[in-house]
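Chain by chain, the residues run as shown.
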Amino acid sequence: MTTYTASISMSDPNAEHYLLAPHERASPVKPREKATNVKFDRDHRETIGEYTSASARIRCRNVDVFYGEKPAVQDINLDIGNNQVIALIGPSGCGKSTFLRCLNRMNDTIQDCRVTGDISMDGKPIYGQDVDVVPLRAQVGMVFQKPNPFPKSIFENVAYGPRIHGLVNAKSELEEIVEKSLRRAGLWDEVKDRLAQPGTGLSGGQQQRLCIARTIAVNPEVILMDEPCSALDPIATAKIEQLIDELRELYTIVIVTHSMQQAARVSQRTAYFHLGHLIEVGETAQVFTHPQHQLTEDYITGRFG
Ligand SMILES: Nc1ncnc2c1ncn2[C@@H]1O[C@H](COP(=O)(O)OP(=O)(O)O)[C@@H](O)[C@H]1O
Ligand SMILES: [Mg+2]
């Protein structure tokens, strides 16, 4: 039988913090004085760890998402920091994709899906009535699990976005953007001699890098990736992980992954979700080596999910 440990100890410097509602909190979480084996117990649902970020590009406060009447994620408070990779991890069905799709209003495309709470990008509410989702989805681009190039040439896959967003005037400018985007996605050398061939003819890993190039071509600031390597072999996965590390200098990246090794390799911050709740968030190394919540520990030690 499992013995559950005590939840909030009054010797915890953060005890008061966790007892207040997020909007009542004066200061961010203070570091614990020393590592302790006492975990927040499995029933504790308030997010543990520092969910704010001094360099926040995106700020989420009290975000709930429903499919019809059914809540899928509840009361999420999280900042997405600039030029960082944040990994969203947790068991299947815990709401990672649902939450990710909130960040560029991709949930708008799902019937019966309703988002409440506040999400802002650089201080501007993204669910405001005046917000045009087309430029929003260029600014906050998305890469999906299964590579999904358009049934067009490699060149056209990358050129399509800049053209429809009116980012270019001359053909030479377009060629420049295509080359730059393919270079940034680490694909240029492999495709420069066959730009007119169909994107769908590339290998899976190349197709995923083509999709990343397509996202980059419209000048995003944030890139959302939903399990971008789960359809790829280990070598293609390693290339994408290397690429994510390079792209972090230029972009802010949110990646959903079911691989804890991947989260540990590519991210600086990790957020652990469980049954629609954001359970714990913190520096990746800290979350993996000293999780503060029993549920996080259960997951990373393979006891759950
Ligand atoms: N389009 C949808 N319609 C209804 N329910 C959905 C839909 N997409 C996801 N859900 C439900 O929302 C919850 C969270 O799902 P999801 O965000 O896909 O989780 P994850 O990405 O962590 O596996 C699950 O209970 C799932 O069944
Ligand atoms: Mg998912």
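### Some thoughts on the overall build of the protein chain
- When helices and strands are counted, the protein chain shows 11 helices and 10 strands.
- Each of the 305 residues in the protein chain was classed as buried or not, and the buried ones make up 41%.
- Restricting the contact set of the protein chain to residue pairs at least 6 apart, pairs at least 24 apart contribute 69%.

### Quick look at the environment of Gly 68
- Its place among the elements puts Gly 68 in the loop between strand E1 (56-67) and strand E2 (70-81).
- A residue is classified by how many C-beta atoms lie within 10 Å of it, and Gly 68, with 10 of them, is exposed.
- Between the C-alpha atoms of Gly 68 and Cys 113, which are 45 residues apart in sequence, the distance is 6.3 Å.

### Quick word on the packing of helix H7 (residues 204-216) against helix H8 (residues 234-247)
- One way to put it is that H7 packs onto H8 with a least axis distance of 9 Å and a crossing angle of 20°. In this view, H7 runs roughly parallel relative to H8, as classed from their interaxial angle. When the axes of H7 and H8 are compared, the crossing they make is right-handed. Contacts from Gly 204, Gly 205, Gln 208, Arg 209 and Ile 212 of H7 reach H8 at Ala 236, Lys 239, Ile 240 and Leu 243.
- Across the contact of H7 with H8, the residue classes tally to 4 nonpolar, 3 polar and 2 charged.

Conventions adopted
Residues numbered from 1 in each chain as written. Chains lettered and ligands numbered in written order. Predicted model: local features only at pLDDT ≥ 70, side-chain atom pairs only at ≥ 80, totals over all residues. Helix = DSSP H or I, 4+ residues; strand = E, 2+ residues; numbered from the N terminus. Buried ≥ 20, exposed ≤ 12 C-beta atoms within 10 Å, placed from the backbone. Contact = placed C-beta atoms within 7 Å. Axes fitted to C-alpha atoms, helices over the stretch in contact; angles between N-to-C directions. Parallel < 35°, antiparallel > 145°, perpendicular 65-115°, else oblique. Left-handed = near helix turned anticlockwise from the far one by under 90°. Nonpolar A, V, L, I, M, F, W, Y, C, P; charged D, E, K, R; others polar.

These figures come from the coordinates and say nothing about function on their own.
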